[in-house]
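What the coordinates show
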Amino acid sequence: MDLTFTEEEEAFRARLRTWLAEVLPKLPPKPAATDWPGRRAYDAAWQRMLYDAGYAGLHWPADAGGRGATPTQHLIFLEETEKAGAPYVGANFVGLLHAGPTIAAEGAAAQRARWLPPILRGDEIWCQGFSEPDAGSDLAALRTRAVRDGDAYVVTGAKIWTSHAEVADWCELLVRTDPEAPRHRGISWLAMPMDAPGVTVRPLRTLAGSTEFAEMFLDEVRIPVGNRIGAEHDGWRVTMVTLSFERGTAFVGEVVACRRVLAELAGAARANGRWDDAALRRRLGRLNAEFAALWRLTQWNVSEAQHTGGVPGTGGSVFKLRYSHARQELYDAAAEVLGGQALDATHPWVADRLSALSYTIAAGTSQIQRNIVAERILGLPKGR
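Bear in mind that the values here come from a model prediction, so they are computed numbers and not experimental data. (Residues numbered from 1 in each chain as written. Predicted model: local features only at pLDDT ≥ 70, side-chain atom pairs only at ≥ 80, totals over all residues. Heavy atoms only, no water.)

1. Considerations on the packing of helix 1 (residues 7–23) against helix 3 (residues 71–83)
In plain terms, the rule: Axis angles are defined between N-to-C directions and span 0 to 180 degrees, where every axis is a line fitted to C-alpha atoms and, for a helix, only to the segment in contact. Helix and strand definitions follow DSSP, with helices as H or I runs of at least four residues and strands as E runs of at least two, each counted in order from the N terminus. When the near helix sits turned anticlockwise from the far one by under a right angle, the crossing is termed left-handed; a clockwise turn instead gives a right-handed crossing. Contacts: residue pairs with any heavy atoms within 4.5 Å of one another. Charged residues are taken to be Asp, Glu, Lys and Arg, nonpolar residues to be Ala, Val, Leu, Ile, Met, Phe, Trp, Tyr, Cys and Pro, and polar residues to be all remaining types, Gly included.
In contact at an axis separation of 10 Å, helix 1 and helix 3 are set at 30° when each is read in the N-to-C sense. Here helix 1 and helix 3 pass one another in a crossing that is right-handed. Between helix 1, through Glu8, Glu9, Phe12, Arg13, Leu16, Arg17 and Leu20, and helix 3, the contact on the second element is made entirely by Thr72, Gln73, Ile76, Phe77, Glu79, Glu80 and Thr81. Taken together, the residues of the contact of helix 1 with helix 3 break down into five nonpolar, three polar and six charged.

2. A short note on the confidence of the model for the chain
We count it as follows: Predictor confidence is given residue by residue as pLDDT, running from a minimum of 0 to a maximum of 100.
Residues with a pLDDT of 70 or more make up 91% of the chain, whose mean pLDDT is 86. Model confidence for the chain, summarised as mean pLDDT per element, is weakest for helix 6 (residues 235–248) at 70 and strongest for strand 8 (residues 228–229) at 98.

3. A short note on the packing of aromatic side chains
The test is simple: Pairs were defined over the aromatic rings of Phe, Tyr and Trp, the Trp ring being its six-membered one, requiring ring centres within 6.5 Å. Orientation was assigned from the angle between planes: stacked under 30 degrees, edge-to-face over 60, tilted for the rest. When a residue's accessible area, from a 1.4 Å probe over protein chains only, is under 20% of the maximum for its type it is buried; when over 50% it is exposed; and in between it is partly exposed.
Counted by the stated rule, this structure contains nine aromatic pairs. Both rings, one in Trp19 and one in Trp46, keep their centres 5.7 Å apart while their planes meet at 35°; by these two values the pair is tilted. With Trp19 in helix 1 and Trp46 in helix 2 (residues 36–53), this pair connects stretches of sequence that are 27 residues apart. Comparing Trp19 with Trp46 shows no difference in burial state: the two are buried. Ring plane angle 25° and centroid distance 6.0 Å describe the contact between Trp126 and Trp170, whose orientation is recorded as stacked. One end of the pair, Trp126, is in strand 1 (residues 126–129); the other, Trp170, is in strand 4 (residues 170–176), and 44 residues separate them in sequence.

4. Side note on the pattern of salt bridges
Here is the rule: The salt bridge criterion pairs a side-chain nitrogen of Lys or Arg with a carboxyl oxygen of Asp or Glu, the two atoms within 4 Å.
Throughout the structure, instances matching the rule amount to 24 salt bridges. Note that Glu132 and Lys159 form a salt bridge whose closest N and O atoms lie 2.9 Å from each other. Here Glu132 is found in the loop between strand 1 and strand 2 (145–149), whereas its partner Lys159 is found in strand 3 (residues 152–159), with 27 residues between them in sequence. Of the two residues, Glu132 and Lys159, neither departs from the other in class, the shared state being buried. Counted as one network, the salt bridges with shared partners bring together Glu10, Arg13, Arg17, Glu79, Glu80 and Lys83.

5. Describing the nonpolar core
Put simply, the rule is: Take the buried residues of types Ala, Val, Leu, Ile, Met, Phe, Trp, Tyr and Cys, join any two whose side-chain atoms come within 4.5 Å, and each joined set is a nonpolar core.
Trp126, Trp189 and Leu330 are the most contacted members of the largest nonpolar core, which has 73 residues in total. For this core, the element with the highest residue contribution is helix 9 (residues 315–338), accounting for ten residues. Counting residues in each nonpolar core, the second largest holds 20 residues, with Leu190, Val199, Met216 and Leu218 among its members.

6. Remarks on helix 3
Put simply, the rule is: Each helix should span, by expectation, one fewer than its residue count multiplied by 1.5 Å.
If you check helix 3, its first and last C-alpha atoms are 18 Å apart, about what 13 residues at 1.5 Å a residue would give, namely 18 Å. Judged by how many residues are buried, helix 3 sits mostly within the fold: eleven of 13 residues are covered. Within helix 3 the residues assigned to the buried category are Pro71, Thr72, Gln73, His74, Leu75, Ile76, Phe77, Leu78, Glu79, Glu80 and Thr81. Looking at the residues trailing helix 3, positive phi occurs at Gly85, about 80°.

7. Thoughts on the side chain of Asp43
You can see Asp43 is positioned in helix 2. The residues touching Asp43, leaving out its near neighbours within four places in the chain, are Tyr88, Val89, Gly90, Ala91 and Asn92.

8. Quick word on the packing of helix 2 against helix 5 (residues 109–121)
What counts here: Comment on the angle field: the value is read as roughly parallel under 35 degrees, roughly antiparallel over 145, roughly perpendicular from 65 to 115, and oblique elsewhere.
The geometry of helix 2 relative to helix 5 is characterised by a closest axis approach of 7 Å and an angle of 105° between their N-to-C directions. If you check the angle between helix 2 and helix 5, you find them roughly perpendicular. Only Ile119, Leu120 and Arg121 of helix 5 make contact with helix 2, whose side of the interface consists of Ala44, Gln47, Arg48 and Tyr51. Residues of the contact of helix 2 with helix 5, tallied by class, amount to four nonpolar, one polar and two charged.

9. Concerning the environment of Glu220
Take Glu220: it is sitting in strand 7 (residues 213–224). The exposure class assigned to Glu220 is exposed, which follows from its relative accessible area of 55%. Through-space distance from the C-alpha of Glu220 to that of Pro179 is 17 Å; in sequence the pair is 41 residues apart. Filtering out sequence-adjacent residues up to four positions away, Glu220 remains in contact with Val154, Val155, Thr156 and Pro197.

10. Side note on the environment of Glu82
Structurally, the position occupied by Glu82 is in helix 3. Along the primary structure Glu82 and Val256 are separated by 174 residues, whereas in three dimensions their C-alpha atoms are 6.7 Å apart. Discounting residues that sit within four places of it in the chain, Glu82 has contacts with Gly253, Val256, Ala257 and Arg260.

11. Some remarks on the side chain of Thr177
Under the convention used in this document: Throughout this description, a polar contact denotes any pair of N or O atoms lying within 3.5 Å of each other; where both atoms belong to protein, one of them has to be capable of donating a hydrogen while the other can accept it, and for residues adjacent in sequence the pair is counted only when both atoms sit in side chains.
With respect to the helices and strands, Thr177 occurs in the loop between strand 4 and strand 5 (187–193). For Thr177, the side chain forms a polar contact with the side chain of Ser188, separated by 2.9 Å. Within polar-contact distance, the side chain of Thr177 engages the side chain of His233 at 2.8 Å. With residues up to four places along the chain from it excluded, the contact list for Thr177 reads Ala146, Tyr153, Gly186, Ile187, Ser188, Glu232 and His233.

What follows is the structure, given as structure tokens:
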């Protein structure tokens, strides 16, 4: 493992910084948080700028439309764009970080040609249809049925916490194609057009007041068999590829953001007199060590991925588990620094504190991550 940067990598960083300094001042104001059509348009426009500049799908293989950059270069890209205050992927999140990399890794040539270019250009937005109302954190308990009918699957069921379903063109959908198979088998991964007859989307309002999630109802939706990624009944394995990306590098920019917020917290505490509290100083110092360690863990995971073909490993679960809790602790500390202002829901730190509550659930609950760490890394026997 080598955590130092090469001359080539530092040159890449310098070029990226120069480009960001040129284009960011030209961006229009961000739409309101509740304006999802506006946010889609804004995020898609930023994605197109990245595409035109050669930064879209930076770490994707060249034969998938990307630049074939190393995981370390991707890490530098995420670090520098966050430091510069560049827009986050936003509505492009599922397509760029989940569905796209999965199709690139598992899709047939025709599937890669159909779906990857529009994702990279920002032309098409994807949502994720994994979780179900009655399955809880147990993804293998999904019950949405897909019955083969000629050259199509007829899909019936319900999904929940479907990210960006309101503005999505496509959905990465998990369905059960063999109800008699063991729980982790008989599952298939489908690309579903969101305008297909029988798809109903109902937005869900979160604690923070946003509607980036939705519940989705599927009533005999016909999806072409050609939209299946991977073999029939092999969806669980394909899904593990998806989740390795979600848990591997998806939170890199947020670690950088948390370190920035931590520095801002220290400055605010000095300004309002709370810095005199020794317990608070110790708390912020411990969090500084936590996020420094998480950044090193991120580098370690990226270094590992660089030697294993670019697919993140189970180390992503270690990172996701600790990061989820550290983020909550960070914004609990923010509430302590804010004092009475912690009741002001319009304050960005307060909104982030509400959002942080979901991190121990999203992308696999902490309980699931502990099982992965115990079984796949420590080699402990499965729980009964």
